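Descriptive structure summary
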Amino acid sequence: MHAITEYSNEHHRLGVIALWESVFGYNTAHNTPSLAIDKKLAASDGLFFVALAGDAVIGTVMAGYDGHRGWLYSVAVHSAHQRQGIGARLIGHAEAALTARGCMKINLQITNDNERVIGFYEALGYSVEPRISMGKKVESNIVNPER
């Protein structure tokens, strides 16, 4: 059984960066793994979790909570460990943490080029909702530390 634990910058950072680059292939500055990690750590909310095989990071989930709704972000499982229930366990772990905080609804977004995961989330009780997702980048807060 793989362990799920809270993220530790000292022990997990390089593994998370490598995993996200492999799984997501981020190509926008606001999604740079090191920046996303730093911004999440600044929130100090204890809602960043990793799945481990020994000391190796093989999965992640970040959650957020605003006092009403929870959100799931950066759900990733290394390709060699997919279809073993790790993703479902990570989601369950984050859901339990959000529920313990009083969260009443949990949301997530899927990019339109990642439709293959819809069935995965539906099997966990999520459904497609009739919503339009809008976003606005705050460029002054997007500083890429790797440049």
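The text that follows walks through the structure, step by step, so that each part is easy to find. Think of each chain on its own: its residues are numbered from 1, step by step along the sequence as written. Predicted model: local features are reported for residues with pLDDT of at least 70 only, side-chain atom pairs are reported and counted for 80 or more only, and whole-chain, interface and lining totals are derived from all residues. Think of the side-chain values as coming from all heavy atoms in the structure, minus any hydrogens and water.

Considering the pattern of salt bridges
- Salt bridges, as used here, are contacts in which a Lys or Arg side-chain nitrogen is within 4 Å of a carboxyl oxygen on Asp or Glu. Here the structure, examined in full by the defined rule, presents 4 salt bridges.
- The partner of Lys-40 in a salt bridge is Asp-45, with the nearest N and O atoms 2.7 Å apart.
- Relative accessible area serves as the criterion here: at 12%, Lys-40 is assigned to the buried category.
- Per-residue accessibility, obtained with a 1.4 Å probe over protein chains only, is compared with the maximum for each type, and a residue is labelled buried under 20%, exposed over 50%, and partly exposed between these values. Judged by relative accessible area, Asp-45 falls into the partly exposed class, the value being 24%.
- The partner of Glu-129 in a salt bridge is Arg-131, with the nearest N and O atoms 4.0 Å apart.

Topic: the nonpolar core
- The term nonpolar core refers to a set of buried residues drawn from Ala, Val, Leu, Ile, Met, Phe, Trp, Tyr and Cys, joined through side-chain atoms within 4.5 Å. By size, the foremost hydrophobic cluster in this structure holds 21 residues, and its most contacted members are Phe-49, Val-61, Leu-72, Leu-90 and Leu-98.
- Here a strand is any run of E in DSSP of at least two residues, a helix any run of H or I of at least four, and the numbering for each starts at the N terminus. In terms of residue count, helix α3 (residues 86-100) provides more of this core than any other element does, 6 residues in total.
- Contacts: residue pairs with any heavy atoms within 4.5 Å of one another. Ignoring sequence-local partners within four residues, the contact set of Leu-98 consists of Leu-47, Ala-63, Gly-64, Tyr-65, Gly-70, Trp-71, Leu-72, Cys-103 and Ile-106.
- Ranked by size, the runner-up nonpolar core spans 13 residues in total, among them Ala-36, Val-57, Met-62 and Ala-76.

Section: the sheet that holds strand β2 (residues 48-53)
- If you trace the 5 strands from one edge of the open sheet to the other, you get β1-β2-β3-β4-β5, paired in mixed fashion. Every interior strand has two partners, whereas the edge strands, β1 (3-6) and β5 (105-108), have only one. Averaged over all neighbouring strand pairs, the angle between strand axes comes to 25 degrees, with direction disregarded.
- The axes are straight lines fitted to the C-alpha atoms, using for helices just the contacting stretch, and the angles between their N-to-C directions are given from 0 to 180°. Its contacts with the sheet place α3 against β1, β2, β3 (56-65), β4 (69-77) and β5, and it is angled at close to 155 degrees to β4. Criterion used throughout: strands pair if DSSP finds at least two bridges between them.

Concerning the packing of aromatic side chains
- Here a pair means two rings of Phe, Tyr or Trp (six-membered ring of Trp) with centres within 6.5 Å. Their orientation is stacked below 30 degrees between planes, edge-to-face above 60, and tilted elsewhere. On inspection of all chains with the given rule, the structure shows 5 aromatic pairs.
- Aromatic pair Trp-20 and Phe-48: ring centres 5.9 Å apart, planes at 20 degrees, arrangement stacked. Of the two residues, Trp-20 sits in helix α1 (residues 9-23) while Phe-48 sits in strand β2, which places them 28 residues apart along the sequence.
- Among the aromatic side chains, those forming a connected cluster through ring pairs are Tyr-7, Trp-20 and Phe-48.

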